[in-house]
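Listed below, chain by chain, are the residues.
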Amino acid sequence: MAMLKLYTNPMSRGRIARWMLEEVGAPYEVEYLTYGGTMKAPEYLAINPMGKVPAIVHGDQVVTECAAICAYLADAFPEAGLAPPVDRRAAYYRWMFFAAGPVESGVTNRTLGFSVNEERKRMAGYGDFDDMYRVLIKAVSDASPYLCGDQFTVADVYLGAQVGWGLQFGSMPAHDALAAYWARLESRPAWKRAGELDDAAGAEMGMPPAGS
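Residues numbered from 1 in each chain as written. Predicted model: local features only at pLDDT ≥ 70, side-chain atom pairs only at ≥ 80, totals over all residues. Heavy atoms only, no water.

A. The arrangement of the overall build of the protein in detail. Helix and strand counts for the protein stand at eight helices and four strands. Order of helices (α) and strands (β) in the protein, N terminus to C terminus: β-α-β-α-β-β-α-α-α-α-α-α. For 212 residues, the compact-globule formula gives about 17 Å, and the C-alpha radius of gyration of the protein, at 17 Å, lands near that figure. The C-alpha extent of the protein, read off along each of the three principal axes, is 45 × 40 × 30 Å. Counting over 212 residues, the protein shows a buried share of 48%. At a minimum sequence separation of 6, the contacts of the protein that also span at least 24 residues come to 64%. As presented, the protein carries roughly 10700 Å² of accessible surface, and 56% of it is formed by carbon and sulfur atoms. Averaging the locations of the 19 positively and 25 negatively charged side chains of the protein gives two centres separated by 5 Å. (Helix = DSSP H or I, 4+ residues; strand = E, 2+ residues; numbered from the N terminus. Rg over C-alpha atoms; globule rule 2.2 N^0.38 Å. Buried < 20%, exposed > 50% of the residue type's maximum accessible area, 1.4 Å probe, protein only. Contact = heavy atoms within 4.5 Å. Areas by Shrake-Rupley, 256 points an atom, 1.4 Å probe, with all protein chains shown as cover. Lys, Arg positive; Asp, Glu negative; His and termini not counted. Charge placed at Lys NZ, Arg CZ, Asp CG, Glu CD.)

B. Highlighting the nonpolar core. Among the nonpolar cores identified, the biggest contains 54 residues, and Leu4, Trp19, Met20, Leu73, Leu136 and Leu178 are the most heavily contacted of them. Elements that contribute at least two residues to this core include exactly strand S1 (4-8), helix H1 (14-24), helix H3 (66-76), helix H4 (90-111), helix H5 (129-142), helix H6 (154-169), helix H7 (176-186) and helix H8 (189-204). When near neighbours in sequence (up to four residues on either side) are disregarded, tryptophan 19 contacts Phe152, Asp156, Val157, Gly160, Ala161, Trp182, Leu185, Arg188, Ala190, Trp191 and Ala194. If you look at the next biggest cluster of nonpolar residues, it comprises eight residues, including Tyr7, Leu33, Tyr44 and Val57. (Core = buried A, V, L, I, M, F, W, Y, C linked by side-chain atoms within 4.5 Å.)

C. Structural context of the packing of H1 against H6. Viewed as axis vectors pointing N to C, H1 and H6 meet at an angle of 140°, and their least axial separation amounts to 10 Å. As the angle between them shows, H1 and H6 are arranged oblique. Crossing of H1 over H6 shows right-handed handedness. Here Arg15, Ile16, Trp19, Met20 and Glu23 of H1 lie close against H6, whose contacting residues are Val154, Asp156, Val157, Tyr158, Gly160, Ala161 and Trp165. (Axes fitted to C-alpha atoms, helices over the stretch in contact; angles between N-to-C directions. Parallel < 35°, antiparallel > 145°, perpendicular 65-115°, else oblique. Left-handed = near helix turned anticlockwise from the far one by under 90°.)

D. Fine view of H8. An ideal rise of 1.5 Å per residue puts 22 Å on 16 residues; H8 measures up with 23 Å between its terminal C-alpha atoms. Among all positions in H8, only Ala190, Ala194, Gly195, Asp198, Ala201 and Gly202 are buried. Along the axis of H8, the buried residues cluster in a sector spanning 135°; they form a single face. Exposed residues lying more than 90 degrees from the buried face of H8 are Pro189, Glu196, Ala203 and Glu204. In this fold, the buried residues of H8 make contact with H1 and strand S2 (29-32). Trailing H8 by a residue or two, glycine 206 shows a phi angle of about 80°, which is positive. (Expected span 1.5 Å × (residues − 1). Arc of directions from axis to C-beta.)

E. Structural view of unusual backbone geometry. In this structure, the amide linkage connecting valine 53 to the following residue, proline 54, adopts the cis form with an omega of 10°. As for its placement among the helices and strands, proline 54 is situated in the loop between helix H2 (42-45) and strand S3 (55-58). The phi dihedral of glutamate 65 is positive, around 75°, even though this residue is not glycine. Looking at the secondary structure, you find glutamate 65 in the loop between strand S4 (61-64) and H3.

Read these as spatial facts, not as claims about activity.
In C-alpha cells form, the structure reads like this:
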C-alpha cells in the first residue's frame, strides 16, 4: 500500500482533511506545520508552493486544496463508500463545488468585512452572502438525511465541516436547518476521532482547543 501522509496544522482547514482520512480508514502519517515557520519552508513549498495547509502525499501523488483532497481520497479508497456511483453524482458534484466556491468565498469575504453591492453581484460567483446563504439553507433543508440522499458522502464532509465551523465561530448566522444538519454529522465517530487527534496535537503545540 502506498504511503499516505497529511501535512496540516491543528487549527486550520486541515481538520477537514483529517476528518476525511478518518472516514476513509486507511493508515496515514501526519506532519504538523507552523504558520509563518515550517509552512513557508523550502521543503514544504516544494509540496505546496502556496505554503498553505492541508496537503497530502499518496505514494508519488501530491494533492493540495481541501476539496480536491477530499474528492481524491473518496476515489482512491472506493471501499469506504464516500462517493456515489458515477452515474449518480450530480448532487455530489454540485454541492462539493458549491462549498468550494460560493460558500468559501461568501463566508471569507463576509468575515473580512467585504460586501458586494447590488450593481456588482453579477461579477461575483457567489452573488452576495445572502444569495449563498439562502441556497445553503435550502440544500441542508432538503438533505434527506444527506446531500446525496441516504448516502453519506464526501460532499457532507466538505460542506458539513464548513457549516460546523461557521456555526461554532459565528461566521454563519445560526439557523435551525443548519443546526439539524450539523447535528447529524458531528455524531459520526470519524469526526470525533479527528477532532480529538487535532486537539491533542494542538495542545502539544501550545494551541487552544478548537472553539475555546
